[in-house]
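What follows is each chain in one-letter form.
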Amino acid sequence: MKRSYLGVLLLCVVLFLNIICTQKAVNAYYFEHYRTVIFYAVCNAMLFPIALWIYQRERDVQ
Amino acid sequence: MPQEKELGQGQGHQREHLQEHQQGHKRDNNHSPFQEDNYTHNIRKNDERKLDRRGFMKTLVGAAGVFAVSTLPWGTLAARELTGLKKKAYPKLKIADIRSLQVGDAVEFAYPGEHDSALLIRLGDNEYKAYQNACTHLKCPVFWSKEQDEMVCPCHHGIFDARTGIPTAGPPKRPLPEVLLKQESGAIYAIGVKRYEA
């Protein structure tokens, strides 16, 4: 049984980016940089389909 | 002697196994050696595969979803602020008569609420600036220092530029919120609070 941990690593990276985006968005809100808030919120929302795609790709390979 | 006897018994068992294998008898997998080419015979699914690789990946995808949803309210609030749907209405308040205010003088007042302390400074003949004077560091009151030509927070020596409200020294990072002014029939009125651009 050959295992690939690429998906796990990529998803960890996605989650790391999620944490960064969330922190930046909340911080920008308190500094009233509303455009930045929207940018990071959209980034966070976009990361979810990416994560889903990585997961499905890894699952279908097996 | 008993050792030899046990050894003899063990050898007998092995011989039986071999015979069974040779005869093609099926045995359960809980014995070694076993014949089946099966790599998962020793995994008790209920315990050991609770969080395998795929389960872990599913968790990560779920977490990404939670993060995505959790920032949506912030994005919505920011969008509302940007579109100006939540513009605040401020009352008009007379602060002081121009005659009673010399150049370099400052007047303390409260705006927009009675507990929101603010400061009006006459910087020039026709130059007036007003700020909410709670220091953006830890809310200490900020005072106008005519001699130094700057606004000083005495708590931690925070200094603000009186012309822009931007902090120039000390711990505060954000500028003071500026109060919008209007000059009308020899008096200065406060008409709103500017959102500070941090």
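Structure first, text after, so check above.
Conventions and cut-offs
- Note on numbering: residues in each chain are counted from 1, in written sequence order.
- Each chain takes a letter, starting from A, and each ligand takes a number, starting from 1, following the order in which they are written.
- Note on the predicted model: pLDDT of at least 70 is required for a residue's local features to be given, and 80 or more for side-chain atom pairs to be given and counted; whole-chain, interface and lining totals, by contrast, use all residues.
- Side-chain calculation: all heavy atoms of the structure are included, whereas hydrogens and water are not.
- Note on geometry: axes are C-alpha line fits, over the in-contact stretch for helices, and angles between N-to-C directions span 0 to 180 degrees.
- The helix count covers DSSP runs of H or I at least four residues long, the strand count covers runs of E at least two residues long, and both are numbered beginning at the N terminus.
- Angles are sorted into four bins: roughly parallel if under 35 degrees, roughly antiparallel if over 145, roughly perpendicular if 65 to 115, and oblique for all others.
- Note on convention: the crossing is left-handed when the near helix lies turned anticlockwise from the far helix by less than a right angle, right-handed when the turn is clockwise.
- Ten residues, namely Ala, Val, Leu, Ile, Met, Phe, Trp, Tyr, Cys and Pro, are considered nonpolar, four, namely Asp, Glu, Lys and Arg, are considered charged, and the remaining ones, Gly among them, are considered polar.
- What makes two strands pair is DSSP finding at least two bridges between them.
- Nonpolar cores are built from buried Ala, Val, Leu, Ile, Met, Phe, Trp, Tyr and Cys residues. Side-chain atoms within 4.5 Å join them into one set.
- Only protein chains enter the accessibility calculation, which uses a 1.4 Å probe; a residue whose area is less than 20% of its type maximum is buried, one above 50% is exposed, and one in between is partly exposed.
- Note on contacts: a residue pair qualifies if any of its non-hydrogen atoms lie within 4.5 Å across the two residues.
- Between the rings of Phe, Tyr and Trp (Trp by its six-membered ring), a pair exists once the centres lie within 6.5 Å; its type follows the angle of the planes, with under 30 degrees stacked, over 60 edge-to-face, and the other angles tilted.
- A ring is scored as having a charge over it whenever the NZ atom of a lysine or the CZ atom of an arginine sits within 6 Å of its centre and within 35 degrees of its normal.

As a packed pair, helix 2 (residues 34–61) of chain A and helix 3 (residues 53–83) of chain B sit with axes 7 Å apart at the nearest point and diverge in direction by 160 degrees. It follows from the interaxial angle that helix 2 of chain A and helix 3 of chain B lie roughly antiparallel. Considering only the axes of helix 2 of chain A and helix 3 of chain B, their crossing is left-handed. Its residues placed into classes, the contact of helix 2 of chain A with helix 3 of chain B shows 18 nonpolar, 4 polar and 7 charged.

Here we come to the sheet that holds strand 5 (residues 143–145) of chain B. Residues and elements named next belong to chain B. Pairing in this open sheet of 4 strands is antiparallel, and the strands run 5-6-7-8 from one edge to the other. Across the chains shown, the open sheet's two edge strands, defined by having one partner strand only, are strand 5 and strand 8 (167–169). Averaged over all pairs of adjacent strands, the angle between strand axes in this sheet comes to 40 degrees, irrespective of strand direction. Here 3 bridges tie strand 5 to strand 6 (residues 150–153), and the two strands are oriented antiparallel to one another. Within strand 6, the residue paired with Ser145 across the bridge is Glu150.

Moving on, we come to the nonpolar core. Grouped together as the largest cluster of nonpolar side chains are 15 residues, with contacts concentrated most on Leu11(A), Val14(A), Ala51(A), Met57(B) and Val61(B). Sorting the residues of this core by element identifies helix 1 (6–30) and helix 2 of chain A together with helix 3 of chain B as the ones contributing at least two each. The biggest single contributor to this core is helix 1 of chain A, with 6 residues. In this view, Leu11(A) contacts Ala51(A), Ile54(A), Met57(B), Leu60(B) and Val61(B); residues no more than four positions away in its chain are not counted.

The tally for this structure, following the rule as stated, stands at 6 aromatic pairs over all chains. Ring centres 5.9 Å apart and planes at 85 degrees place the aromatic pair Tyr29(A) and Tyr30(A) in the edge-to-face group. The structure contains a cluster of three or more aromatic residues connected by ring pairs, namely Tyr29(A), Tyr30(A), Tyr34(A) and Trp74(B). Over the ring of Trp53(A) we find Arg57(A); its NZ or CZ atom is 5.6 Å from the centre of that ring.

A few words now on the sheet that holds strand 1 (residues 93–97) of chain B. Residue and element names in this part refer to chain B. Taken together, the 6 strands give an open sheet; going across it, the order is 1-10-9-4-3-2, and neighbouring strands pair in antiparallel fashion. Each edge of the sheet is formed by a strand with only one pairing partner; in this case those strands are strand 1 and strand 2 (106–110). Taken over all neighbouring pairs, the strand axes of this sheet differ in orientation by 30 degrees on average, direction set aside. In terms of strand pairing, strand 1 meets strand 10 (residues 187–193) through 4 bridges, oriented antiparallel. Considered in strand 10, the bridge of Ala96 is made with Ile188.

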